[in-house]
Amino acid sequence: MTQAKKPIKGKAFVLGKNIDTDQIIPAAHLVYSLEDPEERKFYGKYALSGVPAAESGLPKGNIPLTREGMTESEFAIIVASDNFGCGSSREHAPAALEIAGIKAIISPSYARIFYRNSVDGGFLIPFESVEDLSSRINTGDELEIDQENHLLKNLSQNTEYPIKPLGSVADIVHAGGIFEYARQNGMVPKRKPVTE
Amino acid sequence: MGMTLTEKILANHSGRDRVSPGDNVWVDVDVLMTHDVCGPPAIGIFKHQFGEDARVWDKEKLVIIPDHYIFTTDKYANRNVDILRAFAADQDLPYFYDVGTDSYKGVCHVALPEEGFTRPGEVLFGTDSHTCTAGAFGQFATGIGNTDAAFIMGTGKLWVKVPETMRFVFEGKKLPPYLMAKDIILQIIGDIGTDGATYRAMEFAGPGIKAFTMEDRMTLTNMAIEAGGKNGVVEPDEITEEYVRSRTNHPYTKVYSDPDAKYYSEHYYNIEEMVPMVAKPHSPDNKATVEEVEGTWLNRAYIGSCTGGKLSDFKAAAEILHGNKVKLDTYIVPATTEIARGLETETHFGIPLIEIFREAGCSIGNASCAACLGGPADTFGRLNSDEVCISSTNRNYPGRMGSKQAQVYLASPYSVAASAVTGVITDPRVFIQETVI
């Protein structure tokens, strides 16, 4: 689950525009269980494996999100151009990125179902940047997202850029997802303790 | 100030007199649909959140239609259908269309109307982005994820941000004989881009809409998601009523846009002047007229999916394939089992459509999503290498139909069939002689 309001730090992984859900997690891999602790690791292994190699990890390209033989990535923050997450409604897309270790995305715009799934499922935080930063940030740059001041800091280049406040979804993001939000507001009963 | 059709439905379902774009409202859900890819994780979340013994909010309103990975030996895919089967039995669900039984349907977005679940004025959510197809019936219908579906399973409610509406007004009386709804929606997506309708409703209207059959309208609303739209919608009329009444006795209330409703934008198209279109690799908005790309080398043709695998799509293809042989590997996949039966009973010049396809040399698959979204390696028609395919499906992002080395041109069934016969991208007007001016 995403942490409320704390700074989010990590290495950048940079992508272009219209990264659709088939590129985020190719359909052939949607068969794995998201609940089974071992099986779900496949999602981390294959996250972003549908992106054509030359466009994966810009500006150089040919950088996979998750290294060969690994199930977690060394990168924590995706920086992308417009319309991130377009295409299908598969929640496996934000889930796969979370399983790979992605904490947040910075893009000027998102496809709405991906955005909604990211927020309602509490997988990661989709921040909207004011400008397209995909050509200014390099894959591997050390980033810090300052949620209090709505800034993206590039520690490697010593630059900073404004990001938009979360707006109407902030309460759900900070609750950690739609279920936690609904429980806080009495719409869903408190979870019963699990009995073995 | 009046409201649009979409705003009215959301107001009706959230207990409000009116809503405005940007409002966040909790709506009561009339139908929730899920399938074999997203159903199992949604069920997992439902049990985790509401308890192993929890019951769904209303078993009459939950529809489960396995359709994605059906005819495969993939053990995980088959395991997922088993999870649906166990859940349907445990919850005693009346609307589960199980694989390997007479009730098996195939592609959910075509099965939903066939089974009477697409009713004017209602709210339908589905764990699939092409759930927007059902807007053709004057329903508010949109795609959601597993978590939202699990939330609905337990509560019967979901929050929705009321979208602004873009209105697409069709002028003209009838579609030219070589033109299909697919050409029109490819033109629109090409004009506004894959994010041209993000967070918005796309309402298809105007006098020309009367020229569209229910299946034509479904092709329009189906691809609203390819422009980023939240939903696509058409006002119900006698064409809608005739279809819905032939499928269900369930009561419903028709809803219309007010004459003084406020639209984000209006876009005008004269359907009599439009031409066959394609979306070139690798994006649905990469538009060209078929004429502009005529002669492009191909080695695969595919007719199927929720977008282009309906009975009218196959009738169109049969018009061109009749008496011809295909020069490409050509795959025919009916969306549903009802359509598959239709291929045997519908005729063109007295010959069943299926005979025309067999004679032409096509391969015919079982009703399912099949290669539209790639799927497991043994999926019928999947692009496994560097194929160049012309397809009546809905997406052509890298790797969508299988291999990311493949290239996909999206087109109407007329254009796919014409190209299958010649072996290169071909304007259907070459075959539909009477219309050549």
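Since the model is a prediction, treat every value here as computed from it, not as a measurement.

*Asks:* So what about the pairing of strand E13 (residues 300–304) of chain B? Which residues, and what values?
*Replies:* All names here are of chain B. Of all five residues that make up E13, five are buried, and the element is covered over most of its length. Side chains Arg300, Tyr302 and Gly304 of E13 all project onto a buried face; the interleaved residues Ala301 and Ile303 project onto the opposite face, where all are buried too. As paired elements, E13 and strand E14 (residues 329–333) share five bridges and run parallel to each other. Bridged to Ala301 within E14 is Thr330.

*Asks:* Give a detailed account of the nonpolar core, specifying residues and quantitative values.
*Replies:* Counting 197 residues, the largest nonpolar core has A:Phe84, A:Leu97 and B:Phe125 as its most contacted members. Each of domain 1 (5–251 + 264–270) and domain 2 (279–432) of chain B contributes no fewer than three residues to this core. Not counting the four nearest positions on each side in its chain, A:Leu97 is found in contact with A:Ile24, A:Ala47, A:Leu48, A:Leu65, A:Ile78, A:Phe84, A:Ile102, A:Ile105, A:Phe114 and A:Leu124. Of all hydrophobic cores here, the second largest spans 12 residues; its members include B:Ile65, B:Tyr97, B:Leu112 and B:Ala141.

*Asks:* Lay out the packing of aromatic side chains with the relevant residues and their values.
*Replies:* Using the criterion set out here, one finds 23 aromatic pairs over all chains in the structure. Between B:Trp26 and B:Phe151, the ring centres sit 5.6 Å apart and the planes meet at 35 degrees, which makes this aromatic pair tilted. Here B:Trp26 is found in strand E1 (residues 24–28), whereas its partner B:Phe151 is found in helix H5 (residues 146–155), with 125 residues between them in sequence. When its relative accessible area of 24% is taken as the criterion, B:Trp26 is described as partly exposed. Consider the rings of B:Phe314 and B:Phe357, whose centres lie 6.1 Å apart with planes at 65 degrees: the pair is edge-to-face. One end of the pair, B:Phe314, is in helix H11 (residues 311–321); the other, B:Phe357, is in helix H13 (residues 353–360), with 43 residues separating them in the sequence. What makes B:Phe357 buried here is its relative accessible area of 0%. In this structure an aromatic cluster arises from ring pairing among A:Phe179, B:Trp26, B:Phe46, B:Phe50, B:Phe87 and B:Phe151. Just above the ring of B:Tyr199 sits the side chain of B:Lys161; from NZ or CZ to the centre is 5.7 Å.

*Asks:* Explain the packing of H11(B) against H13(B) to me, using residue names and the numbers behind them.
*Replies:* All names here are of chain B. Axis separation between H11 and H13 bottoms out at 10 Å; the angle between their running directions is 50 degrees. On the basis of their axis angle, the class for H11 and H13 is oblique. Helix-helix and strand crossings are classified by hand; for H11 and H13 the assignment is left-handed. Counting all contacts with H11, which are made through Leu311, Phe314, Lys315, Ala317, Ala318 and Leu321, the residues of H13 involved are Leu353, Ile356, Phe357 and Ala360. Grouping the constituent residues of the contact of H11 with H13 by class yields nine nonpolar, no polar and one charged.

*Asks:* Report on unusual backbone geometry, specifying residues and quantitative values.
*Replies:* Here the bond from A:Leu58 into A:Pro59 is cis, since omega is 5 degrees, no more than 30 degrees from zero. As for its placement among the helices and strands, A:Pro59 is situated in the loop between helix H2 (41–46) and strand E2 (77–79). The backbone of A:His150 sits at a positive phi, close to 55 degrees, despite the residue not being glycine. Following the sequence through the fold, A:His150 ends up in the loop between strand E5 (142–146) and strand E6 (151–154). With a phi close to 70 degrees, B:Tyr199 is a non-glycine residue in the positive phi region. Along the polypeptide, B:Tyr199 turns up in the loop between helix H6 (181–192) and strand E8 (200–205).

*Asks:* I'd love a proper account of the interface of chain B and chain A, names of residues and values included.
*Replies:* At the interface, 50 residues of chain B touch 49 residues of chain A. Contact between chain B and chain A buries roughly 3900 Å² in total, counting both sides, with carbon and sulfur atoms accounting for 55%. Of all residues in chain B, B:Gln49, B:Trp159 and B:Tyr199 bury the most surface against chain A, accounting for 16% of the area lost on that side. The tally of links between chain B and chain A comes to three salt bridges. Of the charged contacts, one joins B:Arg400 and A:Asp22 as a salt bridge, the two residues approaching to 3.1 Å between their closest N and O atoms. At the junction of chain B with chain A, the criterion picks out 23 residue pairs in polar contact (both at pLDDT 80 or more). Going through the elements one at a time, E1, helix H2 (39–50), helix H3 (75–91), strand E5 (140–143), H5 and strand E6 (157–161) of chain B are the ones with two or more residues in the side of chain B that touches chain A. It is H2(B) that provides the largest number of residues to the side of chain B that touches chain A, a total of seven residues. Classifying every residue of the side of chain B that touches chain A gives 22 nonpolar, 18 polar and 10 charged.

*Asks:* Could you give me a rundown of the pairing of strand E3 (residues 104–107) of chain A, with the residues and numbers involved?
*Replies:* All names here are of chain A. The two faces of E3 match: Ala104 and Ile106 on one face and Ile105 and Ser107 on the other face are all buried. Note that E2 and E3 share three bridges and pair parallel. From the neighbouring strand, Ile77 faces E3, where its bridge partner is Ala104. Crossover E2 to E3 through helix H3 (residues 92–100) is right-handed. Two strands pair when backbone bridges link them, and E3 and strand E4 (residues 125–128) are joined in this way by four bridges, in the parallel orientation. Note on E4: the bridge partner recorded for Ile105 is Pro126. Handedness of the E3-helix H4 (residues 112–120)-E4 crossover: right-handed.

*Asks:* For the pattern of salt bridges, give the residues involved together with the corresponding values.
*Replies:* All names here are of chain B. Scanning the entire structure with this criterion turns up 36 salt bridges over all chains. When the shortest N-O distance is used, the salt bridge between Glu238 and Lys210 registers 3.7 Å. Separated by 28 residues along the polypeptide, Glu238 in helix H8 (residues 238–245) and Lys210 in the loop between E8 and helix H7 (214–222) bring together distant segments of the chain. By relative accessible area, Lys210 is classed as partly exposed at 44%. The residue Arg395 makes a salt bridge to Glu226 at a minimum N-O spacing of 2.5 Å. Taken together, the residues span a long stretch of sequence, with Arg395 in the loop between strand E18 (388–391) and strand E19 (407–411) and Glu226 in the loop between H7 and strand E9 (231–234) at a distance of 169 residues. Judged on exposure class, the residue Arg395 and its partner Glu226 are both buried.

*Asks:* Tell me about H8(B), residues and numbers included.
*Replies:* Residue and element names in this part refer to chain B. Taken residue by residue, H8 has Thr240, Tyr243 and Val244 as its buried positions. Buried residues along H8 cover an arc of 95 degrees about the axis, so they all sit on one side. Exposed side chains of H8 directed beyond 90 degrees from the buried face belong to Glu238 and Glu242. Tucked into the core, H8 has its buried residues touching helix H4 (108–114) and H7. A distance of 2.9 Å separates the backbone nitrogen of Ile239 from a side-chain oxygen at the start of H8, and that oxygen is part of Asp237.

Rules used in this analysis
Residues numbered from 1 in each chain as written. Chains lettered and ligands numbered in written order. Predicted model: local features only at pLDDT ≥ 70, side-chain atom pairs only at ≥ 80, totals over all residues. Heavy atoms only, no water. Buried < 20%, exposed > 50% of the residue type's maximum accessible area, 1.4 Å probe, protein only. Helix = DSSP H or I, 4+ residues; strand = E, 2+ residues; numbered from the N terminus. Pairing = 2+ DSSP bridges. Core = buried A, V, L, I, M, F, W, Y, C linked by side-chain atoms within 4.5 Å. Domains from an automatic or database assignment. Contact = heavy atoms within 4.5 Å. Phe/Tyr/Trp six-rings, centres within 6.5 Å; stacked < 30°, edge-to-face > 60°. Lys NZ or Arg CZ within 6 Å of the ring centre and 35° of its normal. Axes fitted to C-alpha atoms, helices over the stretch in contact; angles between N-to-C directions. Parallel < 35°, antiparallel > 145°, perpendicular 65-115°, else oblique. Left-handed = near helix turned anticlockwise from the far one by under 90°. Nonpolar A, V, L, I, M, F, W, Y, C, P; charged D, E, K, R; others polar. Buried area = accessible area lost by both parts, 1.4 Å probe. Salt bridge = Lys/Arg side-chain N within 4 Å of Asp/Glu carboxyl O. Polar contact = N/O pair within 3.5 Å; in protein donor to acceptor, adjacent residues only side chain to side chain. Right-handed = clockwise from strand over helix to strand, strands pointing away. Arc of directions from axis to C-beta.

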